[in-house]
Amino acid sequence: QKTAYEIKECDWSSDVCSSDLMAVLQLWRARGLLEETMVIWVDAGGAVPELEQYILEAVADVPHFRRVRTDAAGWIDRHGIPSDIVPAWAFVGSAKAVSQSFEYSVAPSSICCFRNIMEPLHQAAIASGATVIVRGTRRDEKKKSIIRDGDVVEGLTFRNPIENWSAFDVEHYLAGQGIAIPDW
């Protein structure tokens, strides 16, 4: 079985995402599983330099690392500003709005994330030959996938080793491992 670990670039809470990333990578190191794991980072172009450096340092010892670049800014230019509040009639596309002197489009944030992060991650994992996808998703997060630990979708088994951890559990684990969390 071939494993792919997905690193998601998160704009809404980079500190939480980077902690979760580090916790799962450390769990995989401790279990001796990095050698058989393809670590994939989708760089949608929105990472601040500090986060990019943090991710690249975190994967420096990972034997199989792939950075997939997408153009979220270009997608937004074509489809509209991502928003959690979009008229229902615009769900499959984007909605036009007018604000004082200019017109702009809005698009569902879920579609933006899917097209610029989730879909490229999935495609890269499939292309790597992965049969198992490992994610750093926690149930207590506001924005999370509906996929749970052990779910099988289209022949891929999803593992979420920190699914039942809290943010405190992640911090406590990392502190116990001597891993500092950036203070951004």
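A quick note: this is a predicted structure, and the numbers were derived from the prediction, not measured. (Residues numbered from 1 in each chain as written. Predicted model: local features only at pLDDT ≥ 70, side-chain atom pairs only at ≥ 80, totals over all residues. Heavy atoms only, no water.)

(A) How the structure looks around the pairing of strand E2 (residues 37–43). Among the 7 residues that make up E2, 7 are buried, leaving the element largely enclosed by the rest of the structure. Because side chains alternate across E2, one face comprises the buried residues Thr37, Val39, Trp41 and Asp43, and the other comprises Met38, Ile40 and Val42, equally buried. Pairing of E2 with strand E3 (residues 65–69) involves 5 bridges; the strand directions are parallel. Its bridge partner being in E3, valine 42 is matched across the sheet by valine 68. The β-α-β motif built from E2, the intervening helix H2 (residues 49–58) and the parallel element E3 has right-handed crossover chirality. (Buried < 20%, exposed > 50% of the residue type's maximum accessible area, 1.4 Å probe, protein only. Helix = DSSP H or I, 4+ residues; strand = E, 2+ residues; numbered from the N terminus. Pairing = 2+ DSSP bridges. Right-handed = clockwise from strand over helix to strand, strands pointing away.)

(B) How the structure looks around unusual backbone geometry. For glutamate 154, which is not glycine, the phi dihedral falls at a positive 50 degrees. When you line up the elements, glutamate 154 lands in the loop between strand E8 (152–153) and strand E9 (156–159). Overall, glutamate 154 belongs to the exposed group, its relative accessible area being 71%.

(C) Just the confidence of the model for the protein chain, in detail. Model confidence for the protein chain is summarised by a mean pLDDT of 80, while 79% of its residues fall at 70 or above. At the low end of the mean pLDDT range in the protein chain sits strand E5 (residues 95–99), at 53; at the high end sits helix H5 (residues 167–176), at 93. Note on residues 9–16: pLDDT under 50 across the span, and 15 contacts to partners over four residues away in sequence or across chains. (pLDDT = per-residue confidence, 0-100. Contact = heavy atoms within 4.5 Å.)

(D) Inspection of the nonpolar core at higher detail. If you look at the biggest cluster of nonpolar residues, it comprises 24 residues, and the most contacted ones within it are Met22, Leu25 and Leu174. The biggest single contributor to this core is helix H1 (residues 14–30), with 7 residues. When residues no more than four places from it in sequence are discounted, the contact partners of leucine 174 are Ser19, Met22, Ala23, Ile179 and Ile181. Residues Val42, Ala72, Ala125 and Ile147 belong to the second largest nonpolar core, which totals 15 residues. (Core = buried A, V, L, I, M, F, W, Y, C linked by side-chain atoms within 4.5 Å.)

(E) Spotlight on the pattern of salt bridges. For the coordinates displayed, the defined rule picks out 9 salt bridges. When the shortest N-O distance is used, the salt bridge between arginine 67 and aspartate 43 registers 2.6 Å. With a gap of 24 residues between them, arginine 67 in strand E3 and aspartate 43 in strand E2 connect regions that are remote in the sequence. Note on arginine 67: relative accessible area 23%, which makes it partly exposed. Taking the relative accessible area as the measure of exposure, aspartate 43 reaches 7% and is therefore buried. The residue arginine 69 makes a salt bridge to aspartate 43 at a minimum N-O spacing of 3.4 Å. Note that arginine 69 is positioned in strand E3 and aspartate 43 in strand E2, a separation of 26 residues in sequence. One network of salt bridges, with partners in common, ties together Asp43, Glu52, Arg67 and Arg69. (Salt bridge = Lys/Arg side-chain N within 4 Å of Asp/Glu carboxyl O.)

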